Amino acid sequence: MTVLTIQGLRSGYGRIEVLHDVAVSIERGQIVTLIGANGAGKTTFLKTISGLIRATAGTIEFEGKSIECLPPHKIVGLGLSLVPEGRAVLKRMTVMDNLRMGAFTRSDPDIARDIDAVFDRFPVLAERWNQLAGTLSGGEQQMLAIGRALVARPSLLLLDEPSLGLAPKFVTRIFQTLRDLKSEGKTILLVEQNARQALQVADSAYVLERGKIVLSGSGESLLNTPEVQETYLGQRAARSHGIRIPTFQVDGIA
Amino acid sequence: MIYQQLINGLMLGASYALIAIGYTLIFGVLKLLYFAHGEVFMVGAFVGLYLVILGGANIYVALLGAMIACAMLGVIAVYVSVRPVAKNRPLAPLISTIGLTIVLQNLAVYIFGGQQVGFPETVKQELYNFGPITVSSVQIFILAIATTLMVVLWLFIEHTKMGRAIRATAENHETAALLGVNVNRVVLITFMIGSGIAGVAGVLDGIKNSGISPFIGLGAAVKGLIVMLLGGLGNVPGAMVAGLLLGMIEILSAAYIGTTERDFFSFMILILILLYRPTGLFGTRMTEER
Ligand SMILES: Nc1ncnc2c1ncn2[C@@H]1O[C@H](COP(=O)(O)OP(=O)(O)O)[C@@H](O)[C@H]1O
Ligand SMILES: [Mg+2]
């Protein structure tokens with residue numbers, strides 16, 4: 001069953017269009033990844049889905065409902081949670097309050113149990129439950145951000161570069177968490193620059209270049225696609241075979 | 001003598017704190033210096049007065065009425081002077097709330113007249129002696145109301161779902177929205193709470209000074225601003241403590257240095273904070289990034 005269907009999506013900032021006619025669909029229980037270089041429009045894509053940026057054209061259908069005109073707080077309420085880029089934890093609030101905020105859309109009696117489940121998943125958060133989130137390390141903040149999103153019980157979890165800037169042991173930990181979540185039946189849209197690991201966990205994948213989807217397929221098939229290997233996996237083997245390596249344009253860097 | 005002055009300072013400081021709480025709450029969620037807040041205080045005083053004079057209300061009803069009226073005024077302020085104004089021009093809402101200040105003050109002069117109006121005795125005046133200290137029933141009443149309000153507000157902000165949403169919104173609108181918070185609604189509620197508390201402060205001020213005029217808003221606004229800066233922008237407990245502190249400093253300086261220098265000391269403190277501790281005594285609650 002399809003959880004999210006996006007068609008003909010255009011979006012951007014003011015008169016600058018960043019996403020040009022993007023189409024993506026996500027099946028229940030899958031990890032779908034969107035890879036792309038810095039400035040390709042990945043964050044813009046996730047912000048448009050979450051309602052922070054209004055799409056200028058196209059449709060976003062989440063579990064059969066059109067959400068492209070809804071404000072962000074309504075979209076969260078429908079069960080679509082975004083873990084934003086750069087670990088947007090509430091730094092001046094405690095770990096516990098961050099998790100409680102995760103349950104803001106809920107009013108059922110099981111919230112405490114779900115918070116305990118986050119503590120089981122990330123025991124380091126349990127140790128620091130009463131600390132301000134700003135005092136946590138980068139990796140711990142990322143765990144908190146993910147845990148907080150899970151407390152909302154989303155039926156689709158969007159993650160914006162969760163491994164960015166983390167120490168290798170935390171990167172491994174985050175990807176392990178994604179595998180765990182998949183085995184628990186969660187549906188995930190993962191945006192990454194860390195293409196290799198993202199493609200390894202993904203059921204299906206899209207490559208975004210300058211606001212356009214240029215490739216898509218199963219995670220494994222993209223891992224074995226020469227263009228992807230050259231541009232995103234840093235494999236220079238192609239050169240010795242005399243294949244021209246396309247120069248890669250990094251947008252957004254002056 | 002010194003204890004007597006400290007008690008008096010606490011009294012004065014309690015009303016400063018109540019005004020500053022609104023400033024700092026609103027600054028917290030909107031990063032907006034909400035200029036009309038002093039006038040809301042003034043309107044609160046008049047609503048209380050008229051409920052007592054015309055409605056024959058007792059003081060609790062007057063306080064509650066002023067609180068509700070000012071909370072509604074807060075809603076109106078959002079709709080007329082905050083929402084219609086461009087968000088990407090930080091000075092615009094400041095100017096539009098200055099405009100609201102002028103409108104409210106002139107309206108008050110038009111309706112209530114420009115002169116000082118006496119506030120009838122609503123709390124029975126009695127004096128209690130505790131050793132060398134004399135405390136009046138009015139003082140006890142004001143202190144009790146102010147303290148109760150502050151404790152309730154603190155519990156609300158720290159321990160309720162809406163309180164957490166206000167803190168989250170103050171930290172980052174986008175993050176709060178992504179957690180399901182209707183940010184516009186939280187801003188509205190914050191204005192209602194801050195304005196309601198200012199309304200109560202206005203009535204308490206009327207009781208204390210036994211007279212009010214349409215021009216008491218400016219003085220209240222200035223003191224509230226100083227207290228907000230002293231306590232740290234957006235820092236609610238900071239505003240509470242700083243309010244009491246400023247009240248005591250003023251009373252002590254008036255008692256031991258001279259009454260005419262009272263405001264002089266407040267402004268000196270303002271200048272010193274701005275120069276040496278722009279984050280206030282207790283640190284600001286502003287977001288560092290973005
Ligand atoms: N707030 C903004 N205003 C204008 N342009 C922006 C804004 N944020 C990002 N952009 C531009 O949009 C493009 C895509 O950015 P982004 O979606 O952040 O890319 P990615 O997440 O893939 O690195 C870039 O060219 C960037 O400069
Ligand atoms: Mg990005």
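Residues numbered from 1 in each chain as written. Chains lettered and ligands numbered in written order. Predicted model: local features only at pLDDT ≥ 70, side-chain atom pairs only at ≥ 80, totals over all residues. Heavy atoms only, no water.

> Please provide a residue-by-residue account of the sheet that holds strand β5 (residues 65–66) of chain A, values included.
Residues and elements named next belong to chain A. Spatially, the four strands line up as an open sheet ordered β2-β1-β4-β5, and their pairing is antiparallel. Whereas interior strands pair on both sides, the edge strands pair on one side only; in this sheet they are β2 (16–27) and β5. Pairing analysis gives five bridges linking strand β1 (residues 2–13) to strand β4 (residues 57–62), with the strands arranged antiparallel. Bridge pairing in β4 links Leu 4 to Phe 62. (Pairing = 2+ DSSP bridges. Helix = DSSP H or I, 4+ residues; strand = E, 2+ residues; numbered from the N terminus.)

> For the site of ligand 1, give the residues involved together with the corresponding values.
Residue and element names in this part refer to chain A. Ligand 1 sits among Tyr 13, Val 18, Ala 37, Asn 38, Gly 39, Ala 40, Gly 41, Lys 42, Thr 43 and Thr 44. Here an oxygen atom of ligand 1 sits 3.2 Å away from a polar atom, N or O, in the main chain of Ala 40. For ligand 1, an oxygen atom lies 3.0 Å from a polar atom in the backbone of Gly 41. Relative to its free-state accessible area of 560 Å², ligand 1 is covered by the protein chains to the extent of 63%. If one sorts the elements of the shell around ligand 1 by residue count, helix α1 (residues 42–50) sits on top with three residues. Classifying every residue of the shell around ligand 1 gives four nonpolar, five polar and one charged. (Near = heavy atom within 4 Å. Polar contact = N/O pair within 3.5 Å; in protein donor to acceptor, adjacent residues only side chain to side chain. Areas by Shrake-Rupley, 256 points an atom, 1.4 Å probe, with all protein chains shown as cover. Nonpolar A, V, L, I, M, F, W, Y, C, P; charged D, E, K, R; others polar.)

> Help me get a handle on the coordination of the magnesium ion (ligand 2), residues and values and all.
Surrounding the magnesium ion (ligand 2) are the protein donor atoms Thr43(A) (OG1) and Glu85(A) (OE), at 2.0 to 2.2 Å. Residue Thr43(A) is found in helix α1, and its partner Glu85(A) is found in the loop between β6 (80–83) and α3 (95–102); the two are separated by 42 residues along the sequence. (Donors = N, O, S within 2.8 Å, 3.2 Å for Na, K, Ca; no water.)

> Requested: an account of the environment of Ala66(B), with residues and values cited.
Residues and elements named next belong to chain B. Along the chain, Ala 66 turns up in helix α3 (residues 59–82). For Ala 66, a relative accessible area of 0% puts it in the buried group. In the structure, Ala 66 is positioned 132 residues away from Ala 198 in sequence and 8.9 Å away in space, judged by C-alpha atoms. (Buried < 20%, exposed > 50% of the residue type's maximum accessible area, 1.4 Å probe, protein only.)

> Explain the packing of aromatic side chains to me, and be specific about the residues and the numbers.
Residues and elements named next belong to chain B. Taken as a whole, this structure holds five aromatic pairs over all chains when the rule is applied. Between Tyr 34 and Phe 191, the ring centres sit 4.8 Å apart and the planes meet at 75 degrees, which makes this aromatic pair edge-to-face. Taken together, the residues Tyr 34 in the loop between α1 (2–30) and α2 (37–53) and Phe 191 in helix α8 (residues 183–209) connect sequence positions 157 residues apart. In this structure Tyr 34 comes out as buried when scored by relative accessible area, which is 1%. On the accessibility criterion, Phe 191 (0% relative accessible area) is buried. For the pair Tyr 60 and Phe 141, a centre-to-centre distance of 5.6 Å together with 65 degrees between the ring planes defines the contact as edge-to-face. With a gap of 81 residues between them, Tyr 60 in helix α3 and Phe 141 in helix α5 (residues 137–159) connect regions that are remote in the sequence. Judged by its relative accessible area of 52%, Tyr 60 is exposed. Judged by its relative accessible area of 10%, Phe 141 falls in the buried class. The rings of Phe 46, Tyr 50 and Phe 112 are connected pair by pair, giving a single aromatic cluster. (Phe/Tyr/Trp six-rings, centres within 6.5 Å; stacked < 30°, edge-to-face > 60°.)

> Can you lay out helix α10 (residues 236–256) of chain B for me, pointing to particular residues and giving the numbers?
Residues and elements named next belong to chain B. The first and last C-alpha atoms of α10 sit 30 Å apart over 21 residues, in line with the 30 Å expected at 1.5 Å per residue. Of the residues making up α10, those classed as buried are Val 236, Gly 238, Ala 239, Met 240, Ala 242, Gly 243, Leu 246, Gly 247, Glu 250, Ile 251, Ser 253 and Ala 254. Looking at the packing, one finds that the buried side of α10 touches α1, α5, α9 (216–231) and α11 (262–276). Between the side-chain oxygen of the N-cap and the backbone nitrogen of Gly 238 there are 2.9 Å, and the N-cap of α10 in question is Asn 235. Two residues or fewer after α10 comes Gly 258, characterised by a positive phi angle close to 155 degrees. (Expected span 1.5 Å × (residues − 1). Contact = heavy atoms within 4.5 Å.)

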